[in-house]
Amino acid sequence: MCSEENTFHPLRILLISDHADPLAEIGSKEAGGQNIYVFYLARFLSRLGIYVDVYTRWDRKNKKEVIKINSHFRVIRVEAGPKRYIPRDNFLDVLDEFVKNILKRVKKEKINYDIIHSNYWFSGLAGLKIKKKIKKHLPLVHVYHSIGQVRFNALKNYKLQDVNNELFKIREKSEKEIAQNADAIVATSPVDKNNISKFFKIGKEKIKVITIGIDKKIFRPINEKRAKKLVRFRGEAKNILYVGRIEWRKGIGTLIYALKKIVKYYPNTKLYVIGGGKSKSARKLEEAELERLQKIAAELQVENNIIFLGAKKQKHLCRYYSASDVCVVPSYYEPFGIVPVESMACGTPVIASRTGGLKYSVIDGKTGYLAEPRNYNDLANKIIEVLKKGKDFYKSNCLERIDKNFIWEKIAKKYQTYFNQLIEKDK
Ligand code: UDP
């Protein structure tokens, strides 16, 4: 048996992340969880001596083609379409070129990969095509990040969803094809596993739950007083934090409605909103949502209780989490959600919508609470409950939850063992 202790030659992973460059600017419209996930997965696998090449679309002229992060981890930008931003939904137009250029490099460098790991459905399709072209049998391991049908079902109650849209139909068909033809699927939570099995009608034995994680060096509790000083939060105020993209489905609008109720109890409440693009093009994409949110805040007369801080570097986020009384993730749909995990790792309780992976990461009543999506009354009540009890009531449960389940070192080892099992099965 091959085990992680006696792997004979170092594993080599061909990791595909079509639109999500692991080194992209985070906080902008289409850069977030997946970029972070791919970066940390590759980094922590590389620390175990595994070689990882992350292939992603070359989306800006001034980006380098190949970046070597360390001796085992490279990010390789692949020419596919123009070297500028194109909406993620247009990826199909450049998929064949993307695949062709990955294969070209593999051939040129004579790289002998052992596993293909694909992220999101475009990469899954790319993975299937690459698998067919390479002589050696390479197990394909796929992570969905988001499932079309689940997203549709979650959002249809709130906003008209176009199920007849041509792309949606292709996505549904492709996601099924990936489920049936990949060698293994990694689900990021048990909720995700059930959805994958149900929607794609595949046996649960093909699906392995491996969660996302955090880097303990970056996300750790720091002294609250010190943190408040560092980020200039007022000591006497109740501080509520939102971290993530400025996008409708993230539910910031609902949170602003909840804030109206909260300020009746705690007039001195501040809601800090972190996120948003730095570049001009990224800012433009979210301008409309930002304007809508500011309008709601003005109408509800809570505009002085909200501070939009813009995007922050990930390495500084632990200061904001540690300085806050509670972190809120009010999404209408969230396949996994890294933010709640980061917050809990800093000892700060989370109020999250009862949807997707949030139902798994947040333990209702222990590490925070789950609230009904888009129900601002329920959201406000749960936030008030945490503010009343104080964050110390939840702190040790939060830290324990993270230590047990969401540390990258442990997750990377789980992946390593799983990769070795898949290779062994093939022999
Ligand atoms: N993030 C960041 N700076 C910001 C806003 C967000 O580094 O200004 C990071 C955040 O720490 C988290 C990720 O972006 O790791 C968001 O991931 P999540 O899964 O919560 O949401 P998604 O972007 O996938 O919708």
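Just so you know, these numbers come straight off a predicted model, no measurement behind them.

Draft legend 1. Main features of helix H7 (residues 224-231). For H7, every residue scored as buried is listed here: Ala 227, Lys 228 and Val 231. Buried residues of H7 fall within an arc of 100 degrees about the axis and therefore sit on the same side. Exposed residues on H7 whose side chains face more than 90 degrees from its buried face are Lys 225 and Lys 229. On the buried face of H7, the contacting elements are strand E9 (238-243) and helix H10 (317-323). The positive-phi residue at the C-terminal boundary of H7 is Arg 232, with phi of around 60 degrees.

Draft legend 2. Just the sheet that holds strand E8 (residues 207-209), in detail. Taken in spatial order, the eight strands line up as E3-E4-E2-E1-E5-E6-E7-E8 in an open sheet, and their pairing is mixed. Each edge of the open sheet is held by one strand with a lone partner, namely strand E3 (66-70) and E8. The mean angle between the axes of side-by-side strands here comes to 20 degrees, regardless of whether they run parallel or antiparallel. Where strand E5 (residues 115-119) lies against strand E6 (residues 140-143), four bridges are found, and the strand directions are parallel. Along E6, the bridge assignment pairs Asn 119 with Val 143.

Draft legend 3. Region of the structure containing the sheet that holds E9. Read from one edge to the other, the open sheet built from six strands follows the order E11-E10-E9-E12-E13-E14, with strand pairing classed as parallel. With partners counted over all chains shown, the strands left at the sheet margins are strand E11 (306-310) and strand E14 (368-371), one partner each. Each neighbouring strand pair of the sheet contributes to a mean axis angle of 20 degrees, computed without reference to strand direction. The pairing of E9 with strand E12 (residues 326-329) spans two bridges and is classified as parallel.

Draft legend 4. Helix H4 (residues 148-155), seen in detail. Most of H4 is tucked away: six of the eight residues are buried. Of the surrounding secondary structure, the elements contacted by the buried residues of H4 are helix H5 (166-181) and helix H6 (190-200).

Draft legend 5. Spatial organisation of the packing of aromatic side chains. Across all of its chains, the model carries 23 aromatic pairs by this definition. Through a chain of ring-to-ring contacts, the aromatic side chains of Tyr 37, Phe 39, Tyr 40, Phe 44, Phe 73 and Trp 408 assemble into a single cluster. Over the face of the ring belonging to Phe 44 we find Arg 47, whose NZ or CZ atom lies 4.7 Å from the ring centre. Taking the ring centre of Tyr 360 as reference, the NZ or CZ of Arg 401 above it sits at 4.8 Å.

Draft legend 6. Representation of the site of the ligand. Lining the immediate environment of the ligand, one finds 20 residues, of which Gly 33, Arg 245, Lys 250, Lys 312 and Glu 342 sit closest. Within the complex, 95% of the 540 Å² of free accessible area of the ligand lies under protein. Those elements that provide at least two residues to the shell around the ligand are helix H1 (33-46) and helix H11 (339-345). Split by residue class, the shell around the ligand holds eight nonpolar, six polar and six charged.

Draft legend 7. Just the nonpolar core, in detail. In terms of nonpolar packing, the biggest core is built from 96 residues, with Phe 219, Ile 256, Leu 271, Tyr 321, Ile 351, Ile 383 and Tyr 415 touching the most fellow members. Looking at this core element by element, the count peaks at nine residues for H1. In this view, Tyr 415 contacts Tyr 37, Leu 41, Leu 45, His 117, Val 143, Val 186 and Ile 210; residues no more than four positions away in its chain are not counted.

Draft legend 8. Geometry of empty space enclosed by the protein. Under the criterion given, the structure shown has one cavity of 30 Å³ or more. Roughly 100 Å³ of internal volume is contained in the largest cavity. Taken together, 13 residues form the lining of the largest cavity, with Ile 147, Asp 192, Asn 195, Tyr 333 and Pro 335 sitting closest to its centre. Among the elements that take part in the lining of the largest cavity, H6 stands out by supplying three residues, more than any other. A class-by-class count of the residues in the lining of the largest cavity yields five nonpolar, seven polar and one charged.

Draft legend 9. Highlighting the pairing of strand E1 (residues 12-16). The buried count for E1 comes to four of five residues, which makes it a mostly enclosed element. Pairing geometry for E1 and strand E2 (residues 51-57), over five bridges, is parallel. Within the sheet, the bridge partner assigned to Leu 15 lies in E2 and is Val 54. One ladder, built from four bridges, connects E1 with E5; its direction is parallel. Bridge assignment links Leu 15 to a residue of E5, and that residue is His 117.

Draft legend 10. Focus on the side chain of His 142. Here His 142 is to be found in strand E6. The residues contacting His 142, other than those within four sequence positions of it, are Ser 118, Asn 119, Tyr 120, Trp 121, Gly 124, Ile 178, Ala 182, Ala 184, Ile 185 and Val 186.

Draft legend 11. Local environment of the environment of Gly 127. In this structure, Gly 127 sits in helix H3 (residues 121-133). Residues Gly 127 and His 142, 15 residues apart in the sequence, show an inter-C-alpha distance of 8.6 Å. Setting aside residues up to four positions removed in sequence, Gly 127 forms contacts with Ile 16, Ile 116 and Leu 140.

Draft legend 12. Region of the structure containing the state of the cysteines. Inspection of every chain in the model, using the stated rule, returns zero disulfides. Unpaired in this structure, Cys 318 has its nearest cysteine sulfur neighbour in Cys 346, at a distance of 5.2 Å. The structure places no disulfide on Cys 327, whose sulfur is separated from the nearest cysteine sulfur, that of Cys 346, by 9.4 Å.

Quick notes on the rules
Here the residue numbers are simple positions, counted from 1 along each chain's written sequence. With pLDDT at 70 or above as the cut-off, local features in this predicted model cover only qualifying residues; side-chain atom pairs require 80 or more to be listed or tallied, and sums for whole chains, interfaces and linings still use all residues. Values reported for side chains reflect all heavy atoms of the structure, with hydrogen atoms and water molecules removed beforehand. Exposed residues in this analysis have more than 50% of their type's maximum accessible area, buried residues have under 20%, and partly exposed residues fall in between, with area computed by a 1.4 Å probe over protein chains only. Labels follow the DSSP assignment, with helices taken as runs of H or I lasting at least four residues and strands as runs of E lasting at least two, numbered in each case from the N terminus. What the arc covers is the set of directions going from the helix axis to the C-beta atoms. Note on contacts: a residue pair is in contact if any heavy atoms of the two residues lie within 4.5 Å. A pair of strands counts as paired when DSSP detects no fewer than two bridges linking them. Between N-to-C directions, angles cover 0 to 180 degrees, with each direction set by a line fitted to C-alpha atoms, over the stretch in contact for helices. Working definition: rings of Phe, Tyr and Trp (its six-membered ring) pair if their centres are within 6.5 Å, and the pair is stacked with planes under 30 degrees apart, edge-to-face with planes over 60 apart, and tilted otherwise. Both a distance and an angle decide whether a charge sits over a ring: NZ of Lys or CZ of Arg must be within 6 Å of the ring centre and within 35 degrees of the ring normal. Nearness of a residue to a molecule or strand requires only that one of the residue's heavy atoms be within 4 Å of it. All accessible areas in this document rest on Shrake-Rupley with a 1.4 Å probe, and a residue is counted as covered only by the protein chains that are shown. In the scheme used here, Gly and all other residues not listed as nonpolar or charged are polar, with Ala, Val, Leu, Ile, Met, Phe, Trp, Tyr, Cys and Pro taken as nonpolar and Asp, Glu, Lys and Arg as charged. Put simply, a nonpolar core is a bunch of buried Ala, Val, Leu, Ile, Met, Phe, Trp, Tyr and Cys residues held in one set by side-chain atoms that sit within 4.5 Å of each other. Think of a 1 Å grid over just the protein atoms. A cavity is a set of points where a 1.4 Å probe fits yet cannot get out, a pocket is an open set with protein on both sides within 12 Å along at least five of seven lines, and lining residues have an atom within 4 Å of a point. Grid points are joined across faces, edges and corners, and a volume is the space filled by probe spheres set on the points. We call a pair of cysteine sulfur atoms a disulfide when they lie within 2.5 Å.

Coordinates in, geometry out; function isn't part of it.
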